[in-house]
Amino acid sequence: MWDHEIRAMASTHAIIAASVFMATVLPAVLLPGFSVYGTHLLWLYSVSAAVTAVSVAVFWLLGITPPAKKHTLGYKLSRLLRSCLYFFLSCLFFHTVVVLYGAPLIESALETFSLAVLLTSLTTLRCLCVLGPNVQAWIRVFSRHGAMSVWDTCLQITVACTLVGAWVGAFPIPLDWDRPWQVWPVSCSFGSLFGYLTGLVAAPAWIHYHRKQLTYKCK
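Residues numbered from 1 in each chain as written. Predicted model: local features only at pLDDT ≥ 70, side-chain atom pairs only at ≥ 80, totals over all residues. Heavy atoms only, no water.

## Some words on the overall build of the protein
Tallying secondary structure elements over the protein gives eight helices and zero strands in all. Reading the protein from its N end, one meets helices and strands in the order α-α-α-α-α-α-α-α. Whereas a compact globule of 219 residues would reach a radius of gyration of roughly 17 Å, the protein reaches 18 Å, a difference of no more than 12%. In terms of principal-axis extent, the alpha carbons of the protein reach across some 50 × 45 × 35 Å. The proportion of buried residues among the 219 residues of the protein is 42%. Restricting the contact set of the protein to residue pairs at least 6 apart, pairs at least 24 apart contribute 70%. For the protein, the computed accessible surface area is about 12,300 Å², with 72% contributed by carbon and sulfur atoms. Side chains of the protein give 14 positive and 7 negative charges; the mean places of these two sets differ by 22 Å. (Helix = DSSP H or I, 4+ residues; strand = E, 2+ residues; numbered from the N terminus. Rg over C-alpha atoms; globule rule 2.2 N^0.38 Å. Buried < 20%, exposed > 50% of the residue type's maximum accessible area, 1.4 Å probe, protein only. Contact = heavy atoms within 4.5 Å. Areas by Shrake-Rupley, 256 points an atom, 1.4 Å probe, with all protein chains shown as cover. Lys, Arg positive; Asp, Glu negative; His and termini not counted. Charge placed at Lys NZ, Arg CZ, Asp CG, Glu CD.)

In structure tokens form, the structure reads like this:
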């Protein structure tokens, strides 16, 4: 059972990582003048869209997404609308947090919100895919000893790696190096994406190494 779960997780993460690669390469081939630095916001939204679409599809196909309690169309639409609302509120939340950490309030509002969209795509979207639009379940997973499955543990690791990566990515910005990747929010988006990809690799590896020590109880 453990090996099957870990293999499914590794395969899922490989597909998502490949979507990030394709979201970078395909626009560079199809769109003249596209570059990660020169058209950074376009690249950022390309990656966000790719991760969102592939994550939703893969988690749904694997059956990781929690099933709906009711099978009526109205309930499913309500759940979809709540998920979209949580996604948008998460963008506003990350935007506010980034501004409080020192990002320009007005001057680079579009760039800051674009970074918030990326962070939401890499973190909140995964919560929605694994746990659904259930805030209580989110609080439970990110509390101490709150994981109830390997996917919960994976969620903890990938979200933590993404946020740490975004935080570390902000360190080079004030340095007087005059590099193109120091322009806001290039280094933070690189850091968050690098942290996310690191989490995709680290999560199944950590779970595999500690599988004998991991025990989950229904709460």
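## Digging into the layout of surface pockets
The space that makes up the largest pocket amounts to roughly 680 Å³. Taken together, 27 residues make up the lining of the largest pocket; nearest its centre are Phe94, Val97, Val98, Leu119 and Leu163. Within the residue set of the lining of the largest pocket, elements represented by two or more residues are helix 3 (73-100), helix 4 (109-122), helix 5 (124-131), helix 6 (135-141) and helix 7 (150-169). Top contributing element to the lining of the largest pocket by residue count: helix 3, with seven residues. (1 Å grid on protein atoms, 1.4 Å probe; cavity = no way out; pocket = protein on both sides within 12 Å on 5 of 7 lines; lining within 4 Å. Points joined across faces, edges and corners; volume = space filled by probe spheres on them.)

## Let's talk about the nonpolar core
Among the nonpolar cores identified, the biggest contains 36 residues, and Val47, Phe59, Leu131, Trp151, Leu193, Tyr196 and Ile207 are the most heavily contacted of them. Of all the secondary-structure elements, those providing two or more residues to this core are helix 1 (2-30), helix 2 (40-62), helix 4, helix 5, helix 6, helix 7 and helix 8 (186-209). Residues contacting tryptophan 151, with those up to four places away along its chain left out, are Glu5, Ala8, Met9, Thr12, Phe59, Ile64, Arg126 and Val130. (Core = buried A, V, L, I, M, F, W, Y, C linked by side-chain atoms within 4.5 Å.)

## What about a nonpolar patch on the surface?
A cluster of nonpolar residues, Phe21, Met22, Val25, Leu26, Val29, Leu30, Leu31 and Leu42, forms a patch on the protein surface that exposes about 750 Å² of accessible area. The element contributing the most residues to the nonpolar patch is helix 1, with six residues. As for its placement among the helices and strands, valine 25 is situated in helix 1. Taking relative accessible area as the criterion, valine 25 reaches 31% and is therefore assigned partly exposed. (Patch = residues over 30% accessible without salt bridge, like charges linked within 9 Å, V, L, I, M, F, W, Y side chains within 5 Å. Salt bridge = Lys/Arg side-chain N within 4 Å of Asp/Glu carboxyl O.)

## Some details on the packing of helix 2 against helix 5
Here helix 2 crosses helix 5 at 15°, and the two axes come no closer than 10 Å. By the angle class used here, helix 2 and helix 5 are roughly parallel. Crossing angle aside, the handedness with which helix 2 passes helix 5 is right-handed. Here Val51, Thr52, Ser55, Val56 and Phe59 of helix 2 lie close against helix 5, whose contacting residues are Leu125, Arg126, Cys129 and Val130. (Axes fitted to C-alpha atoms, helices over the stretch in contact; angles between N-to-C directions. Parallel < 35°, antiparallel > 145°, perpendicular 65-115°, else oblique. Left-handed = near helix turned anticlockwise from the far one by under 90°.)

## Quick look at the UniProt feature "transmembrane region" (unreviewed entry) in the protein
Per the UniProt annotation, the sites labelled "transmembrane region" (unreviewed entry) are residues 12-30, 42-63, 84-106, 112-132, 153-171 and 183-207. Each end of residues 84-106 is marked by a C-alpha atom, and these two atoms are 26 Å apart; helix forms 74% of the span and strand 0%. (UniProt positions renumbered as here; feature names shortened; annotations may be inferred.)

## Re the pattern of salt bridges
Under the counting rule described, the total for this entry stands at one salt bridge. Among the salt bridges present, the one from aspartate 152 reaches arginine 140, with a minimum N-O distance of 2.7 Å. Remark: arginine 140 occurs in helix 6 and aspartate 152 occurs in helix 7; sequence separation between them is 12 residues. The buried category is assigned to aspartate 152, whose relative accessible area is 4%. Under the relative-accessibility criterion, arginine 140 is labelled partly exposed at 23%.

## Some remarks on the packing of aromatic side chains
What describes a pair of aromatic rings is the distance from one ring centre to the other and the angle between the planes of the rings. Across all of its chains, the model carries six aromatic pairs by this definition. Following the ring pairs from residue to residue traces out a cluster consisting of Tyr37, Trp43 and Phe190. (Phe/Tyr/Trp six-rings, centres within 6.5 Å; stacked < 30°, edge-to-face > 60°.)

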